[in-house]
Amino acid sequence: MNRRQFLQSVSAAGLTLALPPTLLRAAPDKIGSVLPKRELGSTGELVTILGLGGFHIGWTTEALAQATIEAALEAGIRFFDTAESYGPGTSEERYGKYLTPKYRDEIFLMTKTTAETADLAQQHLEDSLRRMKTDRIDLWQIHGLQSPEDVEKRLNAGVLDVALKAQGKGLIRYVGFTGHSSPYAHLRMMELAGASFAACQFPVNPVDAVSKHSFTKLVIPKAE
């Protein structure tokens, strides 16, 4: 079974099977059928249960990037991820060519900043909006937190302040943070500024379940 067949089978299942209470059937939109959706945290926003990761959109060929975006839409995905660092910039530019011009109102759009200073965060935000040809970002995440010390450095440098100011202006709707290295970075961010965030992102894999440094065991209960 290839990727498209898998996504189509999931989409079909969403229309025909009884879904658990946390999943909601989604009505077709102007693009076509839509995968089941789940609420994003406590935001009240509904996002499709599968999203398209944007990292590979930034390094593959232009033609394959376009085909991937179109295949995701056809399969019912309406949650699109990227970051200013993917390419860098190329992934966002391709979303600005093949995704947002036609489908902005049908999708939930997330991008991220690796900035460690307020000035760079502001520049990343402006560049992301320009490249993706949109006037708003649904979820903007402080990206790639490495450690508790990294969290403190970015907060002290005003990166979160930039996000909250942009949120107040309607340039972004929700603020989040991500990291792939240390669950303790996530715990520190939640300790210092948890009320500011609507989402956090981290890896979950078979190794995590048996690690004493488990994101699943340490971060999820605190996030909930």
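For the structure, see preceding data.
Below: a short report on this structure.

### Notes on helix H8 (residues 183–193)
Every buried residue of H8 is accounted for by Pro 183, Ala 185, His 186, Met 189, Met 190 and Ala 193. Buried residues of H8, viewed axially, fall in a sector of 155°; they line one side. Measuring from the side-chain oxygen of the N-cap residue of H8 to the backbone nitrogen of Tyr 184 gives 3.1 Å; that N-cap residue is Ser 182.

### Brief notes about the packing of helix H6 (residues 148–156) against H8
Packed helix pairs are specified by the crossing angle of their axes together with the interaxial distance, meaning the distance between the axes. Orientation of H6 relative to H8, taken along the N-to-C sense of each, is 40°, at an axis distance of 7 Å. Classified by the interaxial angle, the pair formed by H6 and H8 is oblique. Taken as a pair, H6 and H8 cross one another with a handedness that is right-handed. Side by side, H6 and H8 meet where Pro 148, Val 151, Glu 152 and Leu 155 of the first sit next to Tyr 184, Ala 185, Arg 188, Met 189 and Leu 192 of the second. In the contact of H6 with H8, the residues fall into seven nonpolar, no polar and two charged.

### Structural notes on the nonpolar core
Ile 69, Phe 80, Tyr 95 and Met 189 are the most contacted members of the largest nonpolar core, which totals 41 residues. Among the elements that line this core, the one with the most residues is helix H7 (residues 159–168), at five residues. Contacts of Met 189, omitting those with residues within four sequence positions, involve Ile 142, Leu 145, Val 151, Leu 155, Phe 177, Gly 194 and Phe 197. With eight residues, the next largest nonpolar core counts Phe 79, Phe 108, Met 110 and Ala 199 among its residues.

### Examining the pairing of strand E5 (residues 108–113)
Each regular strand carries side chains that alternate between the two faces of the sheet. Most of E5 sits inside the fold, with six of its six residues counted as buried. Across the two faces of E5 the burial is the same, with Phe 108, Met 110 and Lys 112 and Leu 109, Thr 111 and Thr 113 all buried. With three bridges joining them, strand E4 (residues 79–81) and E5 adopt parallel strand pairing. When the sheet's bridge partners are listed, Asp 81 is paired in E5 with Met 110. The pairing of E5 with strand E6 (residues 137–142) spans four bridges and is classified as parallel. Across the sheet, residue Met 110 finds its bridge partner in E6, namely Leu 139. With helix H5 (residues 118–131) bridging E5 and the parallel E6, this β-α-β connection has right-handed handedness.

Definitions and limits used
Residues numbered from 1 in each chain as written. Predicted model: local features only at pLDDT ≥ 70, side-chain atom pairs only at ≥ 80, totals over all residues. Heavy atoms only, no water. Buried < 20%, exposed > 50% of the residue type's maximum accessible area, 1.4 Å probe, protein only. Helix = DSSP H or I, 4+ residues; strand = E, 2+ residues; numbered from the N terminus. Arc of directions from axis to C-beta. Polar contact = N/O pair within 3.5 Å; in protein donor to acceptor, adjacent residues only side chain to side chain. Axes fitted to C-alpha atoms, helices over the stretch in contact; angles between N-to-C directions. Parallel < 35°, antiparallel > 145°, perpendicular 65-115°, else oblique. Left-handed = near helix turned anticlockwise from the far one by under 90°. Contact = heavy atoms within 4.5 Å. Nonpolar A, V, L, I, M, F, W, Y, C, P; charged D, E, K, R; others polar. Core = buried A, V, L, I, M, F, W, Y, C linked by side-chain atoms within 4.5 Å. Pairing = 2+ DSSP bridges. Right-handed = clockwise from strand over helix to strand, strands pointing away.

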